Amino acid sequence: MAHVGTPYEALLRKPVSKSCWQRWTSRLEYPDVLRWRGSVLLNTLPGVFVTTFFSCIVCIFHLQFGVAVGIPVTVLSTVSVALGLLLAFRVNTAYDRYWEGRKLIQTVMATVRNLTRQVWINIPEQTHADHVEKMRCIKLLLAFMVATKHHLRGEYGTDYDDLKELLPAGWQPCSVTHAPTVTIAKQKKRKRIMKSVPLVMSLYDTLRPSCHQENPLEPDDQNDVVNIRRSAIQQEYPDSDLAQANSTADVRRMMENDEGIVQNGESSHHHRALLFTSDEDLPSQGDADIALPLEILFLVALYVNQAKRSNKIESNFVSVVSSSLDTLVNTLTAFERISNTPVPKAYNIHLKQGVILYIFFLPFALVDSLAWLVAPIVALVSFTLFGIEAIGAEIENPFGYDYNDLPLNSYCEELKQEVAYIIYHIPTHSKSILLDGH
């Protein structure tokens with residue numbers, strides 16, 4: 001029962017302003033058959049228009065000018081069976097990748113929740129510094145999820161609102177590098193490039209829905225240069241400094257008048273002094289690199305080992321935490337397998353060529369029996385086949401910005417709320433939690 005003066009009573013006393021009709025109509029939604037947002041309609045319309053126009057030309061030549069263009073229908077009937085199998089395999093393969101990505105996200109969330117509970121409850125606190133270290137460890141576990149999201153999207157660095165606040169103050173990951181110095185002439189060229197990049201990128205990417213700008217944890221702006229594929233920038237502007245950027249932080253610094261760029265092309269790696277060196281070491285340190293999520297897990301592992309050396313925890317607890325960290329590493333590797341292993345190019349090319357050839361010869365096979373009805377029939381068939389292929393292409397990589405991709409920002413926000421509640425509301429130790437709640 002809510003107490004007087006609590007937010008619950010204020011909620012109960014709030015007058016109901018909507019009528020029954022308004023409440024009922026607010027729940028109504030368009031049926032799926034009338035929706036275009038979230039569908040592949042826009043992706044299929046150009047192909048549908050072209051094939052329908054071509055079928056009209058075939059009808060004109062055959063029906064108006066008497067040109068014999070008919071072919072036996074049995075030819076297409078034989079091909080349609082193989083084409084249907086190819087399309088079914090395409091969509092099933094893409095959905096398997098989509099569903100596997102969702103299961104991997106569930107594994108990460110479950111592992112982070114378990115690690116958060118284990119670290120928060122089982123590592124004792126003796127000083128205020130111990131509490132701060134443990135709190136930062138919990139935040140690093142959440143940072144792993146957020147960093148993995150950006151890593152899968154090709155957004156490198158730490159200069160993100162939802163990631164920077166989770167990292168320890170003053171800690172600069174070794175995986176974040178800075179770009180070389182930029183001259184004034186290159187700065188002017190870059191400003192011209194920055195204005196034209198969104199227009200050029202629209203030629204590469206399909207239409208994407210507008211992002212929710214009111215949520216600061218959703219940097220999903222397709223016109224933001226840090227969200228544009230590096231390969232596309234390098235292809236369009238191979239001589240620009242943007243093409244040489246190594247991380248998202250580099251690009252953002254270039255947009256902000258090169259603040260923080262290290263002079264003389266020096267890297268800002270936080271090089272630690274090697275305790276031991278030998279002739280067996282790797283020959284080149286300049287080629288060394290590591291993903292930010294992996295580096296975060298190394299930091300968590302070092303904290304756990306530090307607690308073990310301080311005799312705060314037992315060896316069996318270290319084994320439990322190490323097993324959970326191994327699960328996160330394995331999951332990250334599986335994420336990269338999905339993201340970096342597309343469907344073989346030869347399969348996609350052959351499938352698209354088969355669909356085009358099938359629709360190309362379809363009006364020749366139907367014009368004798370259907371006459372002008374060929375045009376709407378071809379439009380229907382092309383919309384169906386092009387739509388199936390477009391669905392497979394959209395969901396095969398479920399970590400991007402397409403409407404049907406997995407809502408990674410929502411998963412990260414959900415974990416953030418749980419971690420915040422643990423830090424500020426769950427005690428780290430108790431003497432009589434079941435008796436008096438303390």
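Everything below is about the structure printed above this text.
Residues numbered from 1 in each chain as written. Predicted model: local features only at pLDDT ≥ 70, side-chain atom pairs only at ≥ 80, totals over all residues. Heavy atoms only, no water.

A.B. asks: I'd like to hear about the nonpolar core, residue by residue, with values.
C.D. replies: The biggest cluster of nonpolar side chains holds 53 residues, and the ones touching the most others in it are Ile 105, Met 145, Leu 163, Ile 296 and Leu 328. Put simply, the parts of the chain that give this core at least two residues each are helix 4 (73-122), helix 5 (128-152), helix 10 (292-309), helix 11 (315-340) and helix 14 (408-425). Ranked by the residues each element gives to this core, the list is headed by helix 5, at eleven residues. Formed by 23 residues, the second largest nonpolar core is a distinct cluster that contains Val 69, Leu 83, Ile 359 and Ala 379. (Core = buried A, V, L, I, M, F, W, Y, C linked by side-chain atoms within 4.5 Å. Buried < 20%, exposed > 50% of the residue type's maximum accessible area, 1.4 Å probe, protein only. Helix = DSSP H or I, 4+ residues; strand = E, 2+ residues; numbered from the N terminus.)

A.B. asks: Describe in detail the packing of aromatic side chains, supporting the description with residues and values.
C.D. replies: A ring pair, where both rings are aromatic, is described by two values, the distance of the centres and the angle of the planes. Within this structure, the stated rule accounts for nine aromatic pairs. Look at Phe 54 and Phe 360: their rings are 4.8 Å apart centre to centre, the planes differ by 20 degrees, and that puts the pair in the stacked class. With Phe 54 in helix 3 (residues 41-64) and Phe 360 in helix 12 (residues 345-370), the pair connects residues that are 306 residues apart, well separated along the chain. Among the residues examined, Phe 54 registers a relative accessible area of 25% and is labelled partly exposed. Under the relative-accessibility criterion, Phe 360 is labelled partly exposed at 35%. When the ring of Phe 61 is compared with that of Phe 65, the centres are 5.8 Å apart and the planes differ by 45 degrees; the resulting orientation is tilted. You can call Phe 65 exposed: its relative accessible area is 60%. Clustering of aromatic rings is evident, with ring pairs tying together Phe 54, Phe 360, Phe 361 and Phe 364. The ring of Trp 120 has Lys 134 sitting right over it, with the charged end atom 5.3 Å from the ring centre. The side chain of Arg 153 reaches across the aromatic face of Tyr 401, ending 4.6 Å from its centre. (Phe/Tyr/Trp six-rings, centres within 6.5 Å; stacked < 30°, edge-to-face > 60°. Lys NZ or Arg CZ within 6 Å of the ring centre and 35° of its normal.)

A.B. asks: Account for unusual backbone geometry, with residues named and values stated.
C.D. replies: Trans peptide bonds make up most of the peptide bonds, and negative phi angles are found at most residues other than glycine. We note that Asn 311 has phi near 60 degrees; this positive angle belongs to a residue other than glycine. For Asn 311, a relative accessible area of 66% gives the class exposed. Even without a glycine there, the phi angle at Ala 371 is positive, about 55 degrees. Residue placement: Ala 371 occurs in the loop between helix 12 and helix 13 (374-395).

A.B. asks: Could you give an account of the packing of helix 5 against helix 10, naming the residues involved and the relevant values?
C.D. replies: The interhelical angle for the contact between helix 5 and helix 10, taken along N-to-C directions, is 160 degrees, at an axis separation of 8 Å. Taken together, the axis directions place helix 5 and helix 10 in an arrangement best described as roughly antiparallel. Judged by the twist between their axes, the crossing of helix 5 over helix 10 is left-handed. Two secondary-structure elements touch here, helix 5 through Glu 133, Lys 134, Cys 137, Leu 140, Leu 141, Ala 143, Phe 144, Ala 147, Thr 148 and His 151 and helix 10 through Leu 292, Pro 293, Ile 296, Leu 297, Leu 299, Val 300, Tyr 303 and Gln 306. For the contact of helix 5 with helix 10, a count of residues per class yields 13 nonpolar, three polar and two charged. (Axes fitted to C-alpha atoms, helices over the stretch in contact; angles between N-to-C directions. Parallel < 35°, antiparallel > 145°, perpendicular 65-115°, else oblique. Left-handed = near helix turned anticlockwise from the far one by under 90°. Contact = heavy atoms within 4.5 Å. Nonpolar A, V, L, I, M, F, W, Y, C, P; charged D, E, K, R; others polar.)

A.B. asks: Talk me through helix 10; I want residue IDs and the actual numbers.
C.D. replies: Under the 1.5 Å per step criterion, the end-to-end length of helix 10 is 26 Å for 18 residues, consistent within 8% with the ideal 26 Å. Those residues of helix 10 hidden inside the fold are in contact with helix 4, helix 5, helix 6 (161-164) and helix 11. Downstream of helix 10 by a residue or two, Asn 311 has a phi angle that is positive, lying close to 60 degrees. (Expected span 1.5 Å × (residues − 1).)

A.B. asks: Just give me the short version of the environment of Gly 392, but keep the residues and values in it.
C.D. replies: Here Gly 392 lies in helix 13. When the C-alpha positions of Gly 392 and Ala 94 are compared, they lie 5.2 Å apart, and in sequence the two are 298 residues distant. Residues contacting Gly 392, with those up to four places away along its chain left out, are Arg 90 and Ala 94.

A.B. asks: Outline the pattern of salt bridges, supporting the account with residue identities and numerical values.
C.D. replies: Under the counting rule described, the total for this entry stands at nine salt bridges. Ionic pairing is found between Arg 113 and Glu 414, a salt bridge with its closest N-O pair at 3.2 Å. With Arg 113 in helix 4 and Glu 414 in helix 14, this pair connects stretches of sequence that are 301 residues apart. The class of Glu 414 is partly exposed, set by a relative accessible area of 34%. (Salt bridge = Lys/Arg side-chain N within 4 Å of Asp/Glu carboxyl O.)

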